[in-house]
Amino acid sequence: MNNAHKGNLKFIFQGITGMLICIITLFSSTNYSHASVFHALTILQDTGPPRKLPRATDTLPPVSGDTSIKKIHTSDTLDVKVSKDSLDAPVSYTAKDSMVLDVPTKKITLYNTSTTKYKDIDLSAYKIQLDQATQVVVATYTPDTAGSFVGRPSFKQAESTLDADSITFNFKTQKGITSSTYTTQGEMYVHGDRIKKISPDAFFALRGRLTTCNLDEPHFAFVANKMKLVNKKLAVSGPIHPEFEGVPIPVYLPFGFFPLSQGRHSGFLPPEFTVNQQFGLGLERGGYYKVLNDNFDVITRADIYSYGGYRINVTPSYRVRYRYQGQLNFAYQNTRFLSDLGKQEFDHNRSFNLTWSHTVDSKARPGTSFSANVNAGSTQFNRYVANNPVLNFQNQLSSTISYSKNWNNKYNLTVSANHNQNNNTRLVNISLPNATFTATTLYPFQRKEFVGEPKWYEKLGIGLNSTVNGQSSFYDSLFSFHKIIDTFQWGAQHSIPITLSLPALGPLQVAPGISYSERWYGRKFYHEYNGKAGDTTLHGFYTARDISFSLGLNTALYGTFEGFGKNSSIKAIRHVIRPTVSLAYKPDLSKGAYYQTKPDSLGIIRRYSVYEGSLYGGFGEGKFGGINFGIDNNLEMKVRNKNDTSGTGDKKIRLLDGFGISGSYNLMTDSFALSTFSTYLRSTLFEKINITASAVIDPYETGAYGIRKNKLVWQSGKVSLGRLTNANIAMSTSFKSKDDSKKKKEAERGEDSDVPLTMEEQQAQLDYIRNHPSEFADFNIPWSVNISYSLSFSRLFDLTKNDFKTDITSNASINGDFNLTPKWKAGMNTYYDFKTAAITSFTMFISRDMHCWQMSINVTPVGLYRSFNITINPKSSLLRDIRINRNRSFYGGT
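Cut-offs and rules
- Residues numbered from 1 in each chain as written.
- Predicted model: local features only at pLDDT ≥ 70, side-chain atom pairs only at ≥ 80, totals over all residues.
- Heavy atoms only, no water.
- Helix = DSSP H or I, 4+ residues; strand = E, 2+ residues; numbered from the N terminus.
- Buried < 20%, exposed > 50% of the residue type's maximum accessible area, 1.4 Å probe, protein only.
- Patch = residues over 30% accessible without salt bridge, like charges linked within 9 Å, V, L, I, M, F, W, Y side chains within 5 Å.
- Areas by Shrake-Rupley, 256 points an atom, 1.4 Å probe, with all protein chains shown as cover.
- Salt bridge = Lys/Arg side-chain N within 4 Å of Asp/Glu carboxyl O.
- Core = buried A, V, L, I, M, F, W, Y, C linked by side-chain atoms within 4.5 Å.
- Contact = heavy atoms within 4.5 Å.
- Disulfide = S-S within 2.5 Å.
- Lys, Arg positive; Asp, Glu negative; His and termini not counted.
- Charge placed at Lys NZ, Arg CZ, Asp CG, Glu CD.
- Pairing = 2+ DSSP bridges.
- Phe/Tyr/Trp six-rings, centres within 6.5 Å; stacked < 30°, edge-to-face > 60°.
- pLDDT = per-residue confidence, 0-100.
- Polar contact = N/O pair within 3.5 Å; in protein donor to acceptor, adjacent residues only side chain to side chain.

*Asks:* How should I be thinking about the overall build of the protein chain in this particular structure?
*Replies:* Counting its regular elements, the protein chain contains 4 helices and 53 strands. Looking at the protein chain residue by residue over its 894 residues, the buried ones come to 35%.

What follows is the structure in structure tokens.
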């Protein structure tokens, strides 16, 4: 028999065998498996030398005959040869409509919602055709009667996803070609007329288009004729240009480079161009971001102006996951600006600012914590920052660095260093070291094992609170190390409270107590007047002690009024009164620490403590044996729900969270026995308006030079509690419409990725939001308004007028925004000072949502620096620095 006849017989044998395998596969199992049929066909190809499949247990002996045929040992009863071109893994596939198997051409065609899976490859389309001879799969869509695409092919491999009009892919070489393809790379959407896939992570694109707009017809894109993309890493191209609404812009770059990987990457930070009336033309916020390692990076930014001024910001940050993280920012500015005085053309100022924040994960070292929040620098720094209207009016700086250690919740030690400074007075206070040791209440007579009711003496508790502080004060213009040492003073205070909880006497709660306190001082102060006022300071170690005894009684009284009638919306009003009375005794242990002198030219004799002006001050002079009293009130209203017929849906409304008055009366003194009255009020009216108020009332009359007389106000026939010495009130509220985010949104093809921000990126974003509110408008809320008001009142004696002078300061702030249309939002933020009858700060903005872009206009017509800016930029964080920006600043004066 010649070779041709042998080949024909061989082919006929293979065909019959394949058919047998298909029949056995289809009818020997109740579960129909497409993968088994396709795998059966793949092992029958004869395009090269045969190869072995992995050996498995066989129940039949080997077949004798042609020794050139390799044998496959499986759990089946057939031995067939395997071609070297067969796939090394099964292919599973499904089809909603039908599957056509063409044995002579070795092709399988799937129709309607077809899927094919091979290893990590997942292919879906309306029609999929598998060619076993070439191991090539072709996927296409079909148009419906309306002309719309049905079953557009989608290809997924590893982290790469492609949607195209047609996909041709070779399982063996792992390469393919697609047409009219769309894919997503992080925040970037990529479209190519033709894309060639060369590996699981890399492919080339012909006439590619990159954009962050997730519409089928994007509002803008960067277009290049040739492009290469590496999945989740980068995209590079030849000559590239932008286009808007499909219209090309004749601005070409020789090449394009787009980082697509997530996380931190080193790179340049583009500057913003600005024009400032006082500083000149400028470039702001330009710099470089450097990633040193996984735990450390640095941001360097600079502002430079044409009049010669500049500012440099260096911001290193660090983080160790599950342990600690922090950020340091050092800013130095050399300011050169136009002078207002006219004596010279320019004024010059050098200043700096240092901030540091550090936090420790609470789980890193249980029982131990360390934190830092530092904000210190030159008192003139905030004034000369040209691009931050909020910072210009920040006159208080403070810092805290603290370490604490807890021992089984019994003892606690806290060591800290504090700083505060006033930029107006230029006074700087540094407080260190500060140490506080606290022992929780111990019960020395308490039994280790409780049996029955505890005895009354077992509730006797003893505690300990000890603090040590050091402080130095100086003006920044007189700063020197010698000045810090010269003004440094220290002090300590120890307090031992002893409490006893007695059983309730009916509705009364009885609480006796003893408190012992001791203070340590490093200085004594004496006021003198010898032609001019002066102080004498004595250095040394001095102590003072104080002890007090008390017996407190408190209870609660409840009252409810329900006589509003059935038709009234108000069902009841409830009033709770909590009176407190305590008997107290304090011996005079500080008599030797007081002296009397004439401190000024008025010749009035006054009494002072030698510890006045120290960190803790002196204890009160004289004995006290009297009564402390106070009363607190709470008022609530119950309102009927008209929509509720069961009677159980009543709503409680808090009218007054707290309103009260407190004071004391000393039975052991012959003058000024009654103390001042302290009043307060707290309310969240209708759960919308927050109100807090407090006042101090002096019940005694005053005489010459505002000195108190030992005569109560009402003893002169006046109906009054006394003279109001100081008071304050603060109110705030906010209103906003319902959240509109529940409305159905326009169907879009992708979603913006939420990339986690590092701590320094969060802080930088907060600063940016504060200065550019329009770029972060919430279009889901049609309108919102926040209103706050505060008033402070005080009466001080004016020697020049020989009368009391009333000083009232009040201010109000309003901020809010509203939607002009679903895409337009306007807002404002203002601060009004009633004392000066002037608007001290006013900022307004208009923002336009342009889907993938946003336009914002910020205007500050009132303030130290008046400014406006117009910005149009993409929303995506990847392209945020690509913006059209216009800034102008004008000096508003002092």
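*Asks:* How should a nonpolar patch on the surface be read in this particular structure?
*Replies:* Residues Ile 514, Phe 549, Leu 553, Val 581, Tyr 585, Phe 629, Tyr 665, Leu 667 and Met 668 make up a contiguous nonpolar surface patch of about 750 Å² in total accessible area. Those elements that provide at least two residues to the nonpolar patch are β35 (533–554) and β37 (570–586). With respect to the secondary-structure elements, Phe 549 resides in strand β35.

*Asks:* Mind showing me how you'd approach the nonpolar core here?
*Replies:* A general feature of soluble globular proteins is that nonpolar side chains tend to end up buried together. In terms of nonpolar packing, the biggest core is built from 39 residues, with Ile 128, Leu 229 and Phe 258 touching the most fellow members. Secondary-structure elements contributing two or more residues to this core are β3 (91–94), β5 (107–118), β6 (121–131), β7 (136–140), β12 (166–170), β14 (188–197), β15 (202–211) and β16 (220–230). Contacts of Ile 128, omitting those with residues within four sequence positions, involve Ile 108, Thr 109, Leu 110, Ser 114, Thr 115, Thr 116, Leu 123, Val 137, Val 138 and Ala 139. Core analysis: the next-biggest nonpolar cluster, separate from the first, contains 10 residues, Tyr 521, Tyr 542, Ala 593 and Tyr 594 among them.

*Asks:* What is the right way to look at unusual backbone geometry in this model?
*Replies:* Note on backbone geometry: most residues besides glycine have negative phi, and most peptide bonds are trans. In this model, Leu 432 is joined to Pro 433 through a cis peptide bond whose omega is -5 degrees. Backbone geometry places Asn 408, a non-glycine residue, at a positive phi of 55 degrees. Take Asn 408: it is sitting in the loop between β29 (396–407) and β30 (411–422). With a phi close to 50 degrees, Ala 837 is a non-glycine residue in the positive phi region. Looking at the secondary structure, you find Ala 837 in the loop between β49 (824–833) and β50 (838–850).

*Asks:* How do you make sense of the state of the cysteines when you look at a structure like this?
*Replies:* Overall, the coordinates contain 0 disulfides when judged by the stated rule. Not engaged in a disulfide, the cysteine Cys 213 finds its nearest cysteine sulfur in Cys 852; these two sulfurs lie 3.6 Å apart. A relative accessible area of 6% means that Cys 852 is categorised as buried.

*Asks:* Hey, could you run me through a positive patch on the surface in this one?
*Replies:* Positive charge collects at one region of the surface, where Arg 574, Arg 578, Lys 638 and Lys 652 lie side by side. Secondary-structure assignment places Arg 574 in strand β37. Look at Arg 574 and you get partly exposed, because its relative accessible area is 35%.

*Asks:* Mind showing me how you'd approach the side chain of Ser 351 here?
*Replies:* Of note, Ser 351 is situated in strand β27 (residues 346–360). Residues contacting Ser 351, with those up to four places away along its chain left out, are Ala 331, Tyr 332, Gln 333, Ser 378, Gln 380 and Phe 381.

*Asks:* How should the pairing of strand β52 (residues 865–874) be read in this particular structure?
*Replies:* By the bridge criterion, 8 bridges tie strand β51 (residues 853–862) to β52 in an arrangement that is antiparallel. Bridge pairing in β52 places Thr 860 opposite Ser 867. Here β51 hands over to β52 after 2 residues, with Gly 863 in that stretch at a positive phi of 150 degrees.

*Asks:* Just to check I follow, could you spell out the environment of Ala 89 for this structure?
*Replies:* Here Ala 89 shows up in the loop between β2 (82–83) and β3. Its relative accessible area of 14% is what places Ala 89 among the buried residues. In sequence terms Ala 89 and Tyr 118 are 29 residues apart; their C-alpha atoms lie 7.1 Å from each other.

*Asks:* Would you mind going over the pattern of salt bridges with me for this structure?
*Replies:* For side chains bearing opposite charge, pairing can occur when the charged atoms are close. Taken as a whole, this structure holds 14 salt bridges when the rule is applied. In this structure, Arg 708 engages Asp 698 in a salt bridge whose closest nitrogen and oxygen atoms are separated by 3.0 Å. Remark: Asp 698 occurs in strand β43 (residues 689–698) and Arg 708 occurs in strand β45 (residues 708–712); sequence separation between them is 10 residues. Its relative accessible area of 35% is what places Arg 708 among the partly exposed residues. Asp 698 is the salt-bridge partner of Arg 723, the closest N and O atoms lying 3.0 Å from each other. You can see Arg 723 sitting in strand β46 (residues 723–736) and its partner Asp 698 sitting in strand β43, a full 25 residues away along the chain. With respect to class, Arg 723 is no different from Asp 698; both count as buried. If you follow the salt bridges from partner to partner, you end up with Asp 698, Arg 708 and Arg 723 in one network.

*Asks:* What exactly am I supposed to notice about the packing of aromatic side chains here?
*Replies:* The final tally for this structure, using the stated rule, is 31 aromatic pairs. On the numbers, 6.4 Å between centres and 20 degrees between planes, the contact of Phe 549 with Tyr 585 is stacked. With Phe 549 in strand β35 and Tyr 585 in strand β37, this pair connects stretches of sequence that are 36 residues apart. Classification of Phe 549 as partly exposed rests on a relative accessible area of 35%. Given a relative accessible area of 32%, Tyr 585 falls into the partly exposed group. Note on Tyr 595 and Tyr 608: the rings are 6.2 Å apart at their centroids and 35 degrees apart in plane angle, and the pair reads as tilted. Of this pair, Tyr 595 sits in strand β38 (residues 594–597) while Tyr 608 sits in strand β39 (residues 606–609); the two residues are 13 residues apart in sequence, bridging distant segments of the chain. Among the residues examined, Tyr 595 registers a relative accessible area of 14% and is labelled buried. The class of Tyr 608 is buried, set by a relative accessible area of 14%.

*Asks:* Would you explain the confidence of the model for the protein chain in this entry?
*Replies:* Detailed conclusions should not be drawn from predicted coordinates in areas where pLDDT is low. Model confidence for the protein chain is summarised by a mean pLDDT of 80, while 83% of its residues fall at 70 or above. In this model residues 19–77 is a low-confidence stretch, pLDDT under 50, and it forms 93 contacts with partners more than four residues away in sequence or in other chains. Confidence drops under pLDDT 50 across residues 742–761; counting only partners more than four residues distant or on other chains, this segment forms 31 contacts.

*Asks:* Sorry, what's going on with the side chain of Thr 684 here?
*Replies:* Tracing the chain through its elements places Thr 684 in strand β42 (residues 677–685). Looking at Thr 684, its side chain comes within polar contact range of the side chain of Asp 657, at 3.3 Å. The contacts of Thr 684, once residues within four sequence positions are left out, are Arg 654, Asp 657, Ile 689 and Asn 690.

*Asks:* Can you help me understand the pairing of β50 in this one?
*Replies:* Pairing geometry for β49 and β50, over 10 bridges, is antiparallel. Within the sheet, the bridge partner assigned to Thr 830 lies in β50 and is Phe 842. Strand direction decides the pairing type here: β50 and β51, joined by 8 bridges, are antiparallel. Note that in β51 the partner of Asp 849 across the bridge is Gln 854. Linkage of β50 to β51, two consecutive antiparallel strands, is achieved through a turn of 2 residues, within which His 851 is found at a positive phi near 65 degrees.

*Asks:* Whenever I open this one, the environment of Asp 120 confuses me. Can you help?
*Replies:* Relative to the assigned elements, Asp 120 resides in the loop between β5 and β6. Overall, Asp 120 belongs to the partly exposed group, its relative accessible area being 41%. Here Asp 120 is in contact with Lys 156, Gln 157 and Ala 158, once residues within four sequence places are set aside.

*Asks:* Would you mind going over the environment of Ser 357 with me for this structure?
*Replies:* Relative to the helices and strands, Ser 357 is located in strand β27. As a C-alpha pair, Ser 357 and Gln 325 span 32 residues in sequence and 8.4 Å in three-dimensional space.

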